[in-house]
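Breakdown of the fold
Letter by letter, the chains look like this.
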Amino acid sequence: MAFYDRWISLIGFLVVAGTGLIYLLVAKPYRNSDAPEGDALDMMRGIQTVENTRLTTAPAEGHIHD
């Protein structure tokens, strides 16, 4: 059995990980992002407010409430 037959998984992992690392170091894609950050707590509070309002507001007569 050839060397690469026994170690193909590790070789494949090293190729993929090495390529990804080189990409991160050369292209620096994290610097080009315009995605919001640091807003998780604000989003959570907004969702909780909507849920609390939905749960405490009685549905209208004959209205099916989700």
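The present account deals with the structure reproduced in this document. Since this is a predicted model, take the numbers as computed values, not measurements. (Residues numbered from 1 in each chain as written. Predicted model: local features only at pLDDT ≥ 70, side-chain atom pairs only at ≥ 80, totals over all residues. Heavy atoms only, no water.)

**Looking at the overall build of the protein chain**
Across its full length, the protein chain carries two helices and zero strands. Buried positions account for 0% of the 66 residues belonging to the protein chain. Approximately 6400 Å² of the protein chain is accessible, and the part contributed by carbon and sulfur atoms is 65%. (Helix = DSSP H or I, 4+ residues; strand = E, 2+ residues; numbered from the N terminus. Buried < 20%, exposed > 50% of the residue type's maximum accessible area, 1.4 Å probe, protein only. Areas by Shrake-Rupley, 256 points an atom, 1.4 Å probe, with all protein chains shown as cover.)

**Quick notes on a nonpolar patch on the surface**
On the surface, Phe 3, Tyr 4, Trp 7, Ile 8, Leu 10, Ile 11, Phe 13, Leu 14 and Val 15 cluster together into a nonpolar patch covering about 940 Å² of accessible area. Residue Phe 13 is classed as exposed on the basis of its relative accessible area of 53%. (Patch = residues over 30% accessible without salt bridge, like charges linked within 9 Å, V, L, I, M, F, W, Y side chains within 5 Å. Salt bridge = Lys/Arg side-chain N within 4 Å of Asp/Glu carboxyl O.)

**Considerations on unusual backbone geometry**
Backbone geometry at Lys 28 places phi at a positive 45°, although glycine is not the residue there. Inspection of the secondary structure assignment puts Lys 28 in the loop between α1 (3–27) and α2 (40–56). Lys 28 gets classed as partly exposed once you look at its relative accessible area, which sits at 27%.

**Some remarks on the pattern of salt bridges**
Pairing of side chains with opposite charge becomes possible as their charged atoms draw close. Under the counting rule described, the total for this entry stands at one salt bridge. Put simply, Arg 45 and Asp 42 hold a salt bridge, and the shortest N to O gap is 3.8 Å. Taken together, the residues Arg 45 and Asp 42, both in helix α2 and three residues apart, mark about one turn of the helix. On the basis of relative accessible area, Arg 45 is assigned to the partly exposed category, the value being 47%. A residue is classified by how much of its surface remains accessible, and Asp 42, at 53% relative accessible area, is exposed.

**Regarding α1**
Here α1 spans 34 Å end to end across 25 residues, near enough to the 36 Å set by a 1.5 Å rise per residue. Residue Lys 28 follows α1 closely and has a positive phi angle near 45°. (Expected span 1.5 Å × (residues − 1).)

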